[in-house]
Amino acid sequence: MQLNNLIKNNKKKIRVGRGIGSGRGKTSSRGHKGQKSRSGVAIKSFEGGQMPLYRRLPKRGFKSLNKNNIAILNLSKIQNILEKSENKIKDTLDLKILKEKNLINKKYLKLKILGTGEIKKNIEISAHFASKQALSKIEKAGGKISIIKK
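About the cut-offs
- Residues numbered from 1 in each chain as written.
- Predicted model: local features only at pLDDT ≥ 70, side-chain atom pairs only at ≥ 80, totals over all residues.
- Heavy atoms only, no water.
- Core = buried A, V, L, I, M, F, W, Y, C linked by side-chain atoms within 4.5 Å.
- Buried < 20%, exposed > 50% of the residue type's maximum accessible area, 1.4 Å probe, protein only.
- Helix = DSSP H or I, 4+ residues; strand = E, 2+ residues; numbered from the N terminus.
- Contact = heavy atoms within 4.5 Å.
- Pairing = 2+ DSSP bridges.
- Arc of directions from axis to C-beta.

Asker: For this particular structure, what's the right way to read the nonpolar core?
Answerer: Burial of nonpolar side chains together is a common tendency in soluble globular proteins. Counting 21 residues, the largest nonpolar core has Ile 78, Leu 111, Ile 113 and Ile 125 as the members making the most contacts within it. The leading source of residues in this core is helix 2 (residues 75-83), at four residues. If we ignore the near neighbours within four places in the chain, the residues touching Ile 78 are Leu 73, Leu 93, Ile 113, Ile 119 and Ile 125.

Next up, the structure:
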């Protein structure tokens, strides 16, 4: 058994520029003169004068430099945090405590409370922002929320 029978692709490699008899001599299938006949030339995204794809498509989007610095907490999430025994949060809740207990990422600079879900325990929360629904639900449960002004 020969070794090249084991290889799936046992075609002979075409060596360009090796004389007239090879059929790929002289210009080596590159045509005559011009930029594309030279070595080391790659015309990336050039479409022969047609408007290139990257210019035909519209410009979209905007990358904000200070996005994702507000942590959003729903009342349902706060209730879950309070119910779990390993958290040991007594009566106050703020951004610093949440970061210490690894309940939210350390990258967040501000805290926003939203009103989805219900809260049963009366708790004192200090946050930078809060929705009207969240304010009313916390006060209904006997809690208190203080808004930090910065």
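Asker: Quick question: what am I supposed to make of the sheet that holds strand 6 (residues 144-147) here?
Answerer: Backbone hydrogen bonds are what pair the strands of a sheet, in a parallel or an antiparallel way. The sheet built from three strands is open, its strands ordered 2-4-6 with parallel pairing. At either end of the open sheet lies a strand with only one pairing partner, and these are strand 2 (92-93) and strand 6. Summarising the sheet, strand 4 (residues 124-127) and strand 6 pair through four bridges and their orientation is parallel. Its bridge partner being in strand 6, Glu 124 is matched across the sheet by Lys 144.

Asker: I keep staring at helix 2 and nothing clicks. Help me out?
Answerer: Note that an α-helix has 3.6 residues per turn; residues three or four places apart therefore point the same way. Taken together, the buried positions of helix 2 are Leu 75, Ile 78, Gln 79, Ile 81 and Leu 82. Take helix 2 and look down its axis: the buried residues cluster within an arc of 160°, on one side only. Here the buried face of helix 2 lies against strand 1 (70-74), strand 2, helix 3 (95-100), strand 3 (110-114), strand 4 and helix 4 (132-140).

Asker: Hey, could you run me through the pairing of strand 4 in this one?
Answerer: In the case of a regular strand, side chains alternate between the two sheet surfaces. Examined bridge by bridge, strand 2 and strand 4 share two bridges and lie parallel to one another. Residue pairing for strand 4: Leu 93 is matched across the bridge by Ile 125.

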